[in-house]
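Structural overview for review
The primary structure of each chain is shown beneath.
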Amino acid sequence: MLLVGLWGGCLWALPAGARPLPAGLFVSDEPLTVAVLPPDIADDVGGVTSEGLLAALEQALAREGLEVVPRAQVFAAVPAGRPLDFNPTCTAAQALGARVGSEGYVLVRLRRGERSLSDRQTIVGGTLHLFAVETRTGQLVASEHVDFIEGKEGFLPAVAAGIEAAAQRFASDWRRVRGQTPGMGCAAGGDGADEVLDLRDGVLPPGVTAPVPLVRARPEPTGLARAAGVTATVMVEVCVGRDGQVREVAVVRWAGYGLEAAVEKALRAVRFRPALRQGKPVAAWFVAAFNFRSSPADDR
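Residues numbered from 1 in each chain as written. Predicted model: local features only at pLDDT ≥ 70, side-chain atom pairs only at ≥ 80, totals over all residues. Heavy atoms only, no water.

1. Describing unusual backbone geometry
Inclusion rule: Starting at the N terminus, helices and strands are each numbered in turn, a helix being any DSSP run of H or I of at least four residues and a strand any DSSP run of E of at least two. Only protein chains enter the area calculation, which uses a 1.4 Å probe; residues under 20% of their type maximum are buried, those over 50% are exposed, and those in between are partly exposed.
The backbone of Tyr 257 shows a phi angle near 60 degrees, a positive value even though the residue is not glycine. By secondary structure assignment, the location of Tyr 257 is in the loop between strand 13 (246–253) and helix 6 (259–268). Since its relative accessible area comes to 4%, Tyr 257 is described here as buried. Not every positive phi belongs to a glycine, and Gln 278 is a case in point at roughly 55 degrees. Mapped onto the fold, Gln 278 is located in the loop between strand 15 (275–277) and strand 16 (280–293).

2. Brief notes about the confidence of the model for the protein chain
Selection rule: Think of pLDDT as the predictor's per-residue confidence, scored from 0 to 100. Note on contacts: a residue pair qualifies if any of its non-hydrogen atoms lie within 4.5 Å across the two residues.
On average, residues of the protein chain score 87 in pLDDT, and 84% of them reach the 70 mark or higher. Contacts of residues 1–27 to residues separated by more than four positions or lying in other chains number 74 contacts, the stretch itself having pLDDT below 50.

3. Description of the nonpolar core
For clarity, the threshold we go by: Each nonpolar core is a collection of buried residues, namely Ala, Val, Leu, Ile, Met, Phe, Trp, Tyr and Cys, held together in the definition by side-chain atoms within 4.5 Å.
Counting residues in each nonpolar core, the largest one holds 40 residues, and the members touching the most others are Leu 37, Tyr 105, Leu 107, Val 236, Val 238, Leu 259 and Leu 267. Put simply, the parts of the chain that give this core at least two residues each are helix 2 (71–77), helix 3 (90–100), strand 6 (104–116), strand 7 (122–134), strand 12 (231–240), strand 13, helix 6 and strand 16. By residue number, the principal contributor to this core is strand 12, which donates five residues. Sequence-distant contacts of Val 236, that is, excluding residues within four places in its chain, are made with Val 249, Ala 250, Val 251, Val 252, Val 263, Leu 267, Phe 286, Val 287 and Ala 288.

4. Let's talk about helix 4 (residues 155–178)
Because an α-helix completes one turn every 3.6 residues, residues spaced three or four positions apart along the sequence face the same direction. What counts is decided by this rule: Take the residue count of a helix, subtract one, and multiply by 1.5 Å to get its expected span. At every residue, the bend is computed as the angle between two fitted axes, covering the seven residues ending there and the seven beginning there respectively.
Between its first and last C-alpha atoms helix 4 spans 33 Å; for 24 residues at 1.5 Å apiece the expected length is 34 Å, and the two agree. At Ala 161, helix 4 shows its maximal kink, close to 35 degrees. Within the sequence span of helix 4, burial applies to Phe 155, Val 159, Gly 162, Ile 163, Ala 166, Ala 167, Phe 170, Ala 171, Asp 173, Trp 174, Val 177 and Arg 178.

Written out as structure tokens, the structure is:
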């Protein structure tokens, strides 16, 4: 579904200690600060505590050389039990990270329960969902989904390797994006870089028509999203050149589970009738929103 609405791009600023470079990169001598927010736990079996899960995640991140925000500081900004938004706009995600006081943070969701096997045996398992967010842009930079089946040792040993792998990936991706300058430009297409209209507020100036897809973009839910039973909205800002080709896609509301990539792939596969100003094609930014509704693929 293609919508035009009032959504702006995310603002950003260089962190303290950053040294700008001509190429648009920067180097910071300050340690990268991250936080683990209070987890969202649905535990049908019982026995998994927030404290144990938080400690495991905090320790894994610290082993990667990250400076982990003290839990007392995190809980003062985000009290335990307060529902967190796992499908936020990047503006809301920025505000949450700023409130915590960290350059990045991890959202945690655990779904754990019993499952019956075909031989009438019962096992305990589920999925640990981890989302790494960058405060500067409010973007989701990485996510990990750890499927587990518990043995006699219990929950934490079952997910320990997955937590370590997630910490390594998150640390690498946070450091990578820390050295990048977010930007959003649009090549007009054709034989030059003409003026680009900004139609993201949904207001069409006199004599202007918005881009129109020649075929409706239909992104499919990913297997991860189906397995998790995700219901979410992904919203992007799109620039279409005057040749009808999608030039840029910038996420302004994310959900994870690979849905942002699915949306971008679907959009880039579609040709558009470009925006028109006084009957002449012109490049333009607009907003598109896609709703996903999935049913869990199993009964975990």
